[in-house]
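Coordinates in review
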Amino acid sequence: IWLGDVALYAAGRLARRWPPLAARLERRWPQSELQLLASRLERRAGWALLVSRALPGSRVPLYVAAGVFRVRPRVFLTVTAVAVASWSAVFVWGGPWLP
């Protein structure tokens, strides 16, 4: 599970260097807005990554965005490892008692 999360982050990091995507981002949003989005994500990356584990449909876009906006790898790797471990534990150990 965690390696899949890392792959999404890596895809975002690589995609940012891909000229067609970089040009599309800059056409859609001014550079100042992209910097604002990146700084907001960086400030709240830990909480956003943890919460996305429990919100259906939010994980893939957020993990790719974390790569695109270059969230620090240490933050991403640590938070997602903790999220995967806790989320998996809930379902493995608590699964028999969940409806």
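Keep in mind that this is a model prediction, so the values were computed, not measured.

**Observations concerning the confidence of the model for the protein chain**
Of the residues in the protein chain, 97% have a pLDDT of 70 or more, and the chain-wide mean is 87. Put simply, helix H2 (residues 19-28) is where the protein chain has its lowest mean pLDDT, 81, and helix H5 (residues 59-68) is where it has its highest, 93.

**What about the packing of aromatic side chains?**
Scanning the entire structure with this criterion turns up 2 aromatic pairs. Ring plane angle 15° and centroid distance 4.3 Å describe the contact between Tyr9 and Phe76, whose orientation is recorded as stacked. In this pair, Tyr9 is assigned in helix H1 (residues 2-17) and Phe76 in helix H6 (residues 73-94), connecting sequence segments 67 residues apart. The exposure classification of Tyr9 matches that of Phe76, with both residues buried. With 5.2 Å between their ring centres and 85° between their planes, Tyr63 and Phe76 make a pair best called edge-to-face. Of this pair, Tyr63 sits in helix H5 while Phe76 sits in helix H6; the two residues are 13 residues apart in sequence, bridging distant segments of the chain. Take Tyr63 and Phe76: they sit in the same class, and that class is buried. Among the aromatic residues, those joined into a ring-pair cluster are Tyr9, Tyr63 and Phe76.

**Side note on the environment of Val64**
Summarising the element assignment, Val64 is placed in helix H5. Taking the C-alpha atoms as reference points, Val64 and Leu8, 56 residues apart in sequence, are found 5.3 Å from one another. Not counting residues up to four positions away in its chain, the partners in contact with Val64 are Leu8 and Gly12.

**Details of unusual backbone geometry**
With phi around 60°, Arg70 is a residue other than glycine that occupies positive phi space. By the element assignment, Arg70 lies in the loop between H5 and H6.

**Observations regarding H5**
Since the α-helix packs 3.6 residues into each turn, any two residues three or four apart lie on the same face. Turning to H5, its buried residues are Leu62, Tyr63, Ala66, Gly67 and Val68. For H5, the elements touching its buried residues are H1, H2, helix H3 (31-43), helix H4 (45-52) and H6. Of the residues trailing H5, Arg70 is marked for its positive phi of about 60°.

**Description of the packing of H1 against H2**
Orientation of H1 relative to H2, taken along the N-to-C sense of each, is 80°, at an axis distance of 5 Å. Considered as vectors, H1 and H2 are oriented roughly perpendicular to each other. Contacts between H1 and H2 involve Ala15, Arg16 and Arg17 from the former and Pro19, Leu21, Ala22 and Leu25 from the latter. Of the residues contributing to the contact of H1 with H2, the split by class is 5 nonpolar, no polar and 2 charged.

The rules behind these values
- Residues numbered from 1 in each chain as written.
- Predicted model: local features only at pLDDT ≥ 70, side-chain atom pairs only at ≥ 80, totals over all residues.
- Heavy atoms only, no water.
- pLDDT = per-residue confidence, 0-100.
- Helix = DSSP H or I, 4+ residues; strand = E, 2+ residues; numbered from the N terminus.
- Phe/Tyr/Trp six-rings, centres within 6.5 Å; stacked < 30°, edge-to-face > 60°.
- Buried < 20%, exposed > 50% of the residue type's maximum accessible area, 1.4 Å probe, protein only.
- Contact = heavy atoms within 4.5 Å.
- Axes fitted to C-alpha atoms, helices over the stretch in contact; angles between N-to-C directions.
- Parallel < 35°, antiparallel > 145°, perpendicular 65-115°, else oblique.
- Nonpolar A, V, L, I, M, F, W, Y, C, P; charged D, E, K, R; others polar.

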